[in-house]
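Architecture and fold: a report
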Amino acid sequence: MPAAVLIGAQWGDEGKGKATDLLGSRLDYVVKFNGGNNAGHTVVVGEEKYALHLLPSGILTPGVTPVIGNGVVVDVEVLFEELEGLASRGVDVSRLRISANAHLITQYHRTLDKVTERFLGKRQIGTTGRGIGPAYADKINRVGLRMQDLFDENILRQKVEGALDQKNHLLVKVYNRRAIGVDEVVEELLGYVDRLRPMVTDTSLLLHEALERGETVLFEGGQATMLDVDHGTYPFVTSSNATSGGAVTGSGIAPNRIDRVIAVVKAYTTRVGAGPFPTELFDEWGEFLSERGFEFGTTTGRRRRTGWYDAPIARYASRINGVTDFVLTKLDVLTGLERIPVAVGYEVDGQRVDEVPVSQSDFHHAVPVYEEFPGWQEDISGAREFSELPANAQAYVRELEAMSGSRISAIGVGPGREQIVQLHDLLD
Ligand code: GDP
Ligand code: IMO
Ligand code: MG
């Protein structure tokens, strides 16, 4: 089974890292196609806990070739920190390949991310501050730096000069910060060139050839559907396409190569940063989900906002991404609740709607219409078969499946690698 895309259905942190890790031994390549080190994937292997930001989760599986595609923005300092961190724990990182067309995040992008957020004041997005937005802005403005530019010092210098020309005016005159010197940026980047040279290649061709040989490639999305720059809750989104279409443009493989689209969805909802979130809870149940689900960001440590499952969002994710299978995670977190509310639609200005409204103002005002399902009290963290789940947990899963537009093929019952109930083969 050659190519599958794995994406988040909600606002991120659904457990994509764990889901990728689950498939690990069956994969030949795992490709990150969007975002950068704004992602945070926690993967628990036995007693070991790994937090990955820039690298695809597949790097933890021996034999898998991890690939950073052209759609990613790479902070090379973070790249080497992460690689060294993993190598020191015995992970083989030698297979990593990076697209020559991937863009770079430099210190001026990080600085601009922080100052623009501060400037936005009340309207701030709550970015991760990693320079993601400014790096993608440069890409679209055609003043970005690409991996391949590192191998030609003259070109690199010219491009850094071009980029800093305008930015220094902005930094000094608007944001009251110091100007950034061309030399300091160029010198810093050149310091990584020798180590990068063996990793940087034509990853589109590499993946094409792998697929021609019948090898299995997983495209792992960072962020999620509702954070997608086109299909998410703009402007409270990230600056890349986190939906399945991004796997194509962000890696240079063709759409008709994709056989399966796996969406990871939590049994409730969380969000980090600002923006609309209809089912958000501000009461003790929000606390319950936050504490029981340990909902703190892997990247910034921020407490995640929490709320009930939102079926219109799952249906929307199913439609936008062409989802073939859902992986429902964190079902164990709901254990102990008497009743579990699920949003089945919204009321917008007194009107019932069943779909995510296209108007952002309507989505801001959307009031969830809930249906309640009976909960269960039994510990489910040891369940490995669907039949081992309490009847009410089974019914809850079936209800979500009926509302969400695609089948649920696996269920997470704990953070551990083995804590999963499989219903269908995700790759077949
Ligand atoms: P990602 O960004 O989508 O890869 O997700 P994160 O790693 O940021 O957040 C998901 C968190 O939930 C991690 O701490 C995982 O270890 C944890 N996790 C994943 N699946 C499950 C599950 O089924 N149950 C529980 N309790 N935790 C899970
Ligand atoms: P993973 O891959 C959750 C959010 C930020 C902010 C918005 C824009 O772990 O699911 P950015 O720094 O990307 O410009 O911030 O997007 N955000 C995430 N939220 N999980 C993520 O990644 C996120 N990556 C970005 O909190 O609201
Ligand atoms: Mg995360």
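Residues numbered from 1 in each chain as written. Chains lettered and ligands numbered in written order. Predicted model: local features only at pLDDT ≥ 70, side-chain atom pairs only at ≥ 80, totals over all residues. Heavy atoms only, no water.

**Structural notes on the side chain of Arg304**
We apply this condition: Under the DSSP-based scheme used, a helix requires at least four consecutive residues in state H or I and a strand at least two consecutive residues in state E, with every element numbered from the N terminus. Here's how the labels work: a residue is buried when its accessible area is under 20% of the maximum for its type, exposed when over 50%, partly exposed in between, all with a 1.4 Å probe on protein chains only. Counted as a polar contact is a pair of N or O atoms within 3.5 Å, where, for protein atoms, one must be capable of donating a hydrogen and the other of accepting one, and residues adjacent in sequence contribute only when both atoms are in side chains. Whether two residues touch is decided by their heavy atoms; if any such pair falls within 4.5 Å, the residues are in contact.
Tracing the chain through its elements places Arg304 in the loop between helix 10 (284-292) and strand 13 (305-307). The buried category is assigned to Arg304, whose relative accessible area is 7%. Within the local environment of Arg304, its side chain forms a polar contact with the backbone oxygen of Phe296, the two atoms lying 3.3 Å apart. Those residues in contact with Arg304 that lie beyond four places of it in its chain are Asp13, Lys266, Thr270, Arg271, Val272, Phe294, Glu295, Phe296, Gly297 and Thr298.

**Quick look at the site of ligand 1**
Let me state the cut-off plainly: Note on terminology: near, applied to a residue and a molecule or strand, indicates that one of the residue's heavy atoms is within 4 Å of it. Methods summary: accessible areas were calculated by the Shrake-Rupley approach with a probe of 1.4 Å, and residue burial reflects only the protein chains presented. Side-chain classes follow a simple rule in which Ala, Val, Leu, Ile, Met, Phe, Trp, Tyr, Cys and Pro form the nonpolar group, Asp, Glu, Lys and Arg form the charged group, and the remainder, Gly included, forms the polar group.
Near ligand 1 you find 19 residues, and of these Lys16, Gly40, His41, Thr42 and Asp332 are the closest. Contacts to ligand 1 include Asp332, whose side-chain N or O atom sits 2.7 Å from a nitrogen atom. With respect to ligand 1, the backbone of Gly414 contributes an N or O atom lying 3.2 Å from a nitrogen atom. Surface burial for ligand 1 is 92%, taken as the share of its 580 Å² of free accessible area covered by protein chains. Broken down by secondary-structure element, the contributors of at least two residues to the shell around ligand 1 are helix 1 (16-23) and strand 3 (41-45). With three residues, the single largest contributor to the shell around ligand 1 is helix 1. Residues of the shell around ligand 1, tallied by class, amount to three nonpolar, nine polar and seven charged.

**Notes on the pairing of strand 11 (residues 260-266)**
Inclusion rule: Strand pairing is assigned whenever DSSP detects at least two bridges linking the two strands.
Of all seven residues that make up strand 11, seven are buried, and the element is covered over most of its length. The side-chain alternation of strand 11 yields two buried faces, one formed by Arg260, Ile262, Val264 and Lys266 and the other by Val261, Ala263 and Val265. Two elements, strand 1 (residues 3-8) and strand 11, share five bridges in a ladder whose sense is parallel. By the bridge assignment, Ile7 is partnered in strand 11 with Ala263. The pairing of strand 11 with strand 15 (residues 325-329) spans five bridges and is classified as parallel. Of the residues in strand 15, the one forming a bridge with Lys266 is Thr329.

**Observations regarding the coordination of the magnesium ion (ligand 3)**
Counted only if it meets this: The rule for donors is simple: an N, O or S atom within 2.8 Å of the metal counts, and for Na, K and Ca the reach is 3.2 Å. Water is not among the atoms, so a site may look short of donors.
For the magnesium ion (ligand 3), every protein donor is listed as Asp13 (OD) and Gly40 (O), and the spread of their distances is 2.0 Å. Here Asp13, found in the loop between strand 1 and helix 1, pairs with Gly40, found in the loop between strand 2 (29-32) and strand 3; they are 27 residues apart in sequence, far enough to count as distant.

**Some words on the pairing of strand 19 (residues 407-412)**
Most of strand 19 is tucked away: five of the six residues are buried. Sheet analysis places strand 15 next to strand 19, joined by four bridges and oriented parallel. In the sheet register, Phe326 faces strand 19, and the bridge partner there is Ile408. The sheet contact formed by strand 19 and strand 20 (residues 420-422) spans three bridges and is antiparallel. From the neighbouring strand, Ala410 faces strand 20, where its bridge partner is Gln422.

**Some words on the sheet that holds strand 2**
Hydrogen bonding along the main chain pairs the strands of a sheet, whether they run parallel or antiparallel. In spatial order, the strands read 9-7-5-2-10-1-11-15-19-20; together these 10 strands make up an open sheet with mixed pairing. Because the sheet does not close on itself, it has two edges, and the strands there are strand 9 (200-201) and strand 20. Where strand 2 and strand 10 (residues 217-220) come together, four bridges link them in parallel fashion. Looking across to strand 10, one finds that Val31 is bridged to Phe219.

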